[in-house]
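Below are the chains, spelled out letter by letter.
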Amino acid sequence: MSTMPTNMVNIRDLNDLVASKNDFVKLITKGMDQTIVGQKHLIESLLIAMLSNGHVLLEGVPGLAKTLAIKTLAQIIDAKYSRIQFTPDLLPADVLGTMIYSVQKETFQIKRGPIFANFVLADEINRAPAKVQSALLEAMQERQVTIGDTTFALDDPFLVMATQNPIEQEGTYPLPEAQVDRFLLKVVIGYPSREEERLIIRQNISNEKPNIVPLIRPQEIIEAQKIVEMIYIDEKIEKYIIDIVFATRYPKEAGLADLTNIIAFGASPRASISLAKAARAYAFLHNRGYVIPEDVRAVCHDVMRHRIGLTYEAEANNITADEIISNILDKVEVP
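*Asks:* Hey, could you run me through the environment of Asn-22 in this one?
*Replies:* Note on placement: Asn-22 falls in the loop between helix H1 (8–21) and helix H2 (23–35). Linking Asn-22 and Val-132, residues 110 residues apart in sequence, is a C-alpha distance of 36 Å. Contacts of Asn-22, omitting those with residues within four sequence positions, involve Phe-284, Leu-285 and Asn-287.

What follows is the structure, given as structure tokens:
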């Protein structure tokens, strides 16, 4: 059931504004389809994060076009792209940049690191130690980097897509829960279907490589981000978001007493903010100037799965955060 807002005049204007400014969504999707087979959810998640001015943590086995997806997105938007391969010997300066002494000029010069880009791929983020992870996460949060005595603002749009491999835990440094919370979305991607796999084989053994041409400018994304911030969220939708988040903290009060021994800690206030932001972006992608409950439900798993702590009992019984979120969505009353 959808909720239509009361101030209809403003909503009509917003709908018209969204319709006039979201043409680039089709261009991006079409451009991505040229190089990436399937992975619709991954592409949509990148667009949601980009429009919400947030970041994505991506979990999936190797070879699922994670790197290709963000690289293609950067090419279509004509934006600067960089890739950082996280390894145990990486240093914060390898990410942020450092001061280098110039013999000719007899002075220190600043050499900027790969974080100075619009789209940054942090590949296998759990392979580098805490110092490097913290340097990246601080830059993500503050949108600025300090090298020596100089502070640099990072360019807009700015999106970090960090990946982690779920199958190997040897020699890894898992991200602490408090730091994982900095990511707007945690997206879990699976294997392609048989038909998609057949298309992937065909595409990769043929000598024809699709030529990715820039279709839009970064400025259009910045303008779209401003429109997403204007998208209307009704009080009933706000209450719905709060009810979902509070159900992770106080499951008994939400009529979910069986989750009490399964949830170690509930979602933080950042989850409520992220749900509202991601729901707005989802509404924008679907040509609406207002948020409906279905928008919240559509983004809920990606926004919440990394924000709920599981007890040993949950892990022993193979209960996942996704199952808990599904139970909460089934129980919490939809406005």
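From this point on, the discussion continues.
*Asks:* I keep staring at the sheet that holds strand E1 (residues 56–59) and nothing clicks. Help me out?
*Replies:* Sheets are built from strands that pair by backbone hydrogen bonding, the pairs being arranged parallel or antiparallel. The strand order E2-E5-E8-E1-E9 describes an open sheet built from 5 strands, whose pairing is parallel. The open sheet has two edge strands with one neighbour each: strand E2 (81–85) and strand E9 (185–188). Across the sheet, the mean angle separating the axes of adjacent strands is 20° when strand polarity is ignored. As paired strands, E1 and strand E8 (residues 159–164) are joined by 4 bridges and run parallel to one another. For Val-56, the partnering residue across the bridge sits in E8 and is Met-161. Set on the sheet, helix H3 (residues 40–52) makes contact with E1, strand E5 (119–123), E8 and E9; between it and E9 the angle comes to about 175°.

*Asks:* Got a minute to help me understand the nonpolar core in this structure?
*Replies:* Note on soluble globular proteins: their nonpolar side chains tend to be buried together. In this structure, Ile-28, Leu-73, Ile-244, Leu-275, Phe-284 and Met-304 are the most contacted members of the largest nonpolar core, which totals 75 residues. The dominant element in this core, judged by the number of residues it contributes, is helix H11 (residues 269–285), at 10 residues. Leaving out residues up to four positions away in the same chain, Leu-275 has contacts with Ile-241, Ile-244, Val-245, Val-296, Val-299, Cys-300, Val-303 and Met-304. Among the nonpolar cores identified, the runner-up in size contains 29 residues, and Phe-86, Leu-136, Val-160 and Val-180 belong to it.

*Asks:* Can you help me understand the pattern of salt bridges in this one?
*Replies:* Two side chains with opposite charge may pair up if their charged atoms get near one another. On inspection of all chains with the given rule, the structure shows 13 salt bridges. In this structure, Asp-302 engages Arg-305 in a salt bridge whose closest nitrogen and oxygen atoms are separated by 2.6 Å. Judged by its relative accessible area of 15%, Arg-305 is buried. Among the salt bridges present, the one from Arg-305 reaches Asp-322, with a minimum N-O distance of 3.0 Å. With Arg-305 in the loop between helix H12 (293–304) and strand E11 (309–310) and Asp-322 in helix H14 (residues 321–331), this residue pair connects regions lying 17 residues apart in the sequence. Shared partners join several salt bridges into a network, and the residues in it are Asp-181, Arg-270 and Arg-307.

*Asks:* Looking at this structure, how should I read the confidence of the model for the protein chain?
*Replies:* In regions of low pLDDT, the predicted coordinates are not meant to be interpreted in detail. Confidence in the prediction of the protein chain, expressed as mean pLDDT, is 86, and 96% of residues score 70 or more. Looking across the protein chain, the model is least confident in H1, with a mean pLDDT of 76, and most confident in H12, with 95. Confidence drops under pLDDT 50 across residues 1–9; counting only partners more than four residues distant or on other chains, this segment forms 20 contacts.

*Asks:* Sorry if this is basic, but what is going on with the packing of aromatic side chains here?
*Replies:* In this description, an aromatic ring pair is defined by two values, namely the gap between the centres and the angle between the planes. Here the structure, examined in full by the defined rule, presents 4 aromatic pairs. Here Phe-116 and Phe-152 contribute two aromatic rings whose centre-to-centre distance is 5.8 Å and whose plane-to-plane angle is 85°, an arrangement assigned as edge-to-face. Linking Phe-116 in the loop between strand E4 (107–112) and E5 with Phe-152 in strand E7 (residues 150–153), this pair joins segments that are 36 residues apart in sequence. When sorted by exposure, Phe-116 lands in the same class as Phe-152, which is buried.

*Asks:* I tried to follow the packing of H12 against H14 on my own but got confused; where do I start?
*Replies:* Two packed helices can be described by the angle between their axes and the distance between those axes. Two elements in contact, H12 and H14, have axes whose closest approach is 10 Å; the angle formed by their N-to-C orientations is 145°. In terms of crossing hand, the pair formed by H12 and H14 is right-handed. Where H12 abuts H14, its residues Arg-297, Cys-300, His-301 and Met-304 lie against Asp-322, Ile-325, Ser-326, Leu-329 and Asp-330. Of the residues that constitute the contact of H12 with H14, the class distribution is 4 nonpolar, 2 polar and 3 charged.

Rules behind the numbers
- Residues numbered from 1 in each chain as written.
- Predicted model: local features only at pLDDT ≥ 70, side-chain atom pairs only at ≥ 80, totals over all residues.
- Heavy atoms only, no water.
- Helix = DSSP H or I, 4+ residues; strand = E, 2+ residues; numbered from the N terminus.
- Contact = heavy atoms within 4.5 Å.
- Pairing = 2+ DSSP bridges.
- Axes fitted to C-alpha atoms, helices over the stretch in contact; angles between N-to-C directions.
- Core = buried A, V, L, I, M, F, W, Y, C linked by side-chain atoms within 4.5 Å.
- Buried < 20%, exposed > 50% of the residue type's maximum accessible area, 1.4 Å probe, protein only.
- Salt bridge = Lys/Arg side-chain N within 4 Å of Asp/Glu carboxyl O.
- pLDDT = per-residue confidence, 0-100.
- Phe/Tyr/Trp six-rings, centres within 6.5 Å; stacked < 30°, edge-to-face > 60°.
- Left-handed = near helix turned anticlockwise from the far one by under 90°.
- Nonpolar A, V, L, I, M, F, W, Y, C, P; charged D, E, K, R; others polar.

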